[in-house]
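Residue strings, one per chain:
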Amino acid sequence: MGSDREDWSRYGFSTRAVRAGHRRTNEGENAEPIFTTSSFIFENAAQAAARFAYEEEGNVYSRFTNPTVRTFEERLAALEGGESCVATSSGMAAIMATCMGLLSAGDHVVSSRSIFGSTRLLFSNIFTRFGVEFDYVAATEADAWRAAVKSNTKMFFLETPANPLTEVCDIAEVEEIAHASGAILVVDNCFCTPALQQPLRLGADVVVHSATKYLDGQGRCVGGAVVGDAQMVGEQVFGVLRSAGPCMSPFNAWVFLKGLETLDIRMRAISDNANRLARWLTEQPGVERVYYPGLESHPQWQLAARQQSAPGGIVAFDVAGGQAAAWKLIDHTRMLSITANLGDVKTTITHPATTTHGRWSAPARAEAGIGDGLIRIAVGLEDIADIQNDLRFDELE
Ligand SMILES: *Cc1c(COP(=O)(O)O)cnc(C)c1O
């Protein structure tokens, strides 16, 4: 939307993050205004008719057009390198709207196995009731993606790095398999954000986001977004938003706009902290294995170095002694936030087997490699020494 949109592609990433999408009003404001209005006034009946018919661009009703939300959409589109962006009320609403906009009963989806828990439930428990079929594959095995294709495969869906073990999936490789099969590729880019990885530039068709995480970056609001081309996202996914209504509030859009302004420096600082924490963890007593794409011991660390501009903020590790030891370590922290959220400047610590992946069956967890001694840390921006000091490995014995 917006034929007067500036061509932001000639500007650098940080410039786009700070400036894209804001059309200054007559008041001459420097910061983006929050338009807290549900509807908009037309000059006359004919204009109302033209706006409703999409013959004239302009605001109608904040379920589907709001200037603050549109500023966020244009800014995120400029960062991901997409033509269109649709903001949603949550990350799950973004994934739901993507599926509703692009799939029909009878379609088949191939998804990576290690996806966000609610995404798996949305696919397996809800969309299957509407006649969509799903198969799950190991994200890092190209042959598994290829073998899962059926005549009705319409979409590939993947998350990289995956939660919580940070497996990295080769987006360009899976893109080739998807397109050779006539399917589209959707990538959940929540963990990297466009600051570290831009899936559309690697051939993906659609990017989905939980803006709740790093785009906000300070743990304040729930929101999401879908980015892609003008047809699939600008029309089909937007059509779902317009009719079904899981829209973003203008206030939340404004918070996310402020988050985007510091996205690049935050993601780099968080990656630095996470890299230092991961290396330090490998030397701690009782730590059996550390999972982090920046470590040379990570099975896909070279792919991560190619595909991402930094390894990101999620570090996972196994402690000896299973759940009891993991809970002890978590409970002995004083500063770290015990919460399953991530993408905050505050470092969070969580036990996946009993929280984010607690509703998975034990065999499903074992197959995915999520052990009882696994701990996930989403590294924030505190001093690295304080994060380290808060993990009392000496008390594990
Ligand atoms: C949190 C998350 C989601 C869902 O986002 P919400 O904003 O909580 O609805 C989807 N994908 C990933 C990878 C996430 O971490």
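If you're wondering where the values come from, they're calculated on a predicted model, not measured in any experiment.

Rules used throughout
Residues numbered from 1 in each chain as written. Predicted model: local features only at pLDDT ≥ 70, side-chain atom pairs only at ≥ 80, totals over all residues. Heavy atoms only, no water. 1 Å grid on protein atoms, 1.4 Å probe; cavity = no way out; pocket = protein on both sides within 12 Å on 5 of 7 lines; lining within 4 Å. Points joined across faces, edges and corners; volume = space filled by probe spheres on them. Helix = DSSP H or I, 4+ residues; strand = E, 2+ residues; numbered from the N terminus. Nonpolar A, V, L, I, M, F, W, Y, C, P; charged D, E, K, R; others polar. Domains from an automatic or database assignment. Phe/Tyr/Trp six-rings, centres within 6.5 Å; stacked < 30°, edge-to-face > 60°. Buried < 20%, exposed > 50% of the residue type's maximum accessible area, 1.4 Å probe, protein only. Lys NZ or Arg CZ within 6 Å of the ring centre and 35° of its normal.

### A look at empty space enclosed by the protein
Here is step 1: Evaluation of the coordinates by the stated rule reveals 2 cavities of 30 Å³ or more.
Here is step 2: Put simply, the largest cavity is a space of about 120 Å³.
Here is step 3: Surrounding the largest cavity, 15 residues form its lining, R63, F64, T65, V69 and E73 being those nearest its centre.
Here is step 4: Breaking the lining of the largest cavity down by element, the ones donating at least two residues are helix 3 (67-80), strand 1 (84-88) and helix 9 (232-244).
Here is step 5: At 3 residues, the largest contribution of residues to the lining of the largest cavity is made by helix 3.
Here is step 6: Reported here for the second largest cavity is a volume of approximately 50 Å³.
Here is step 7: Lining of the second largest cavity is provided by P161, T166, F191, C192, P293, Q308, P311, G312, G313 and I314.
Here is step 8: Looking at the lining of the second largest cavity residue by residue, the class counts come to 6 nonpolar, 4 polar and no charged.
Here is step 9: Viewed by domain, the lining of the second largest cavity spans two of them, domain 1 (5-261) and domain 2 (263-396), each represented by three or more residues.

### Things to note about the packing of aromatic side chains
Here is step 1: Counted under the stated rule, the structure contains 11 aromatic pairs.
Here is step 2: With 5.7 Å between their ring centres and 45° between their planes, F72 and F256 make a pair best called tilted. With F72 in helix 3 and F256 in helix 10 (residues 250-261), this residue pair connects regions lying 184 residues apart in the sequence. Here the two residues F72 and F256 agree in accessibility, since each one is buried.
Here is step 3: Taken together, the ring pairs connect F123, F134 and F157 into an aromatic cluster.
Here is step 4: For K213, the ring lying beneath its charged end belongs to F116, and the centroid distance is 4.8 Å.

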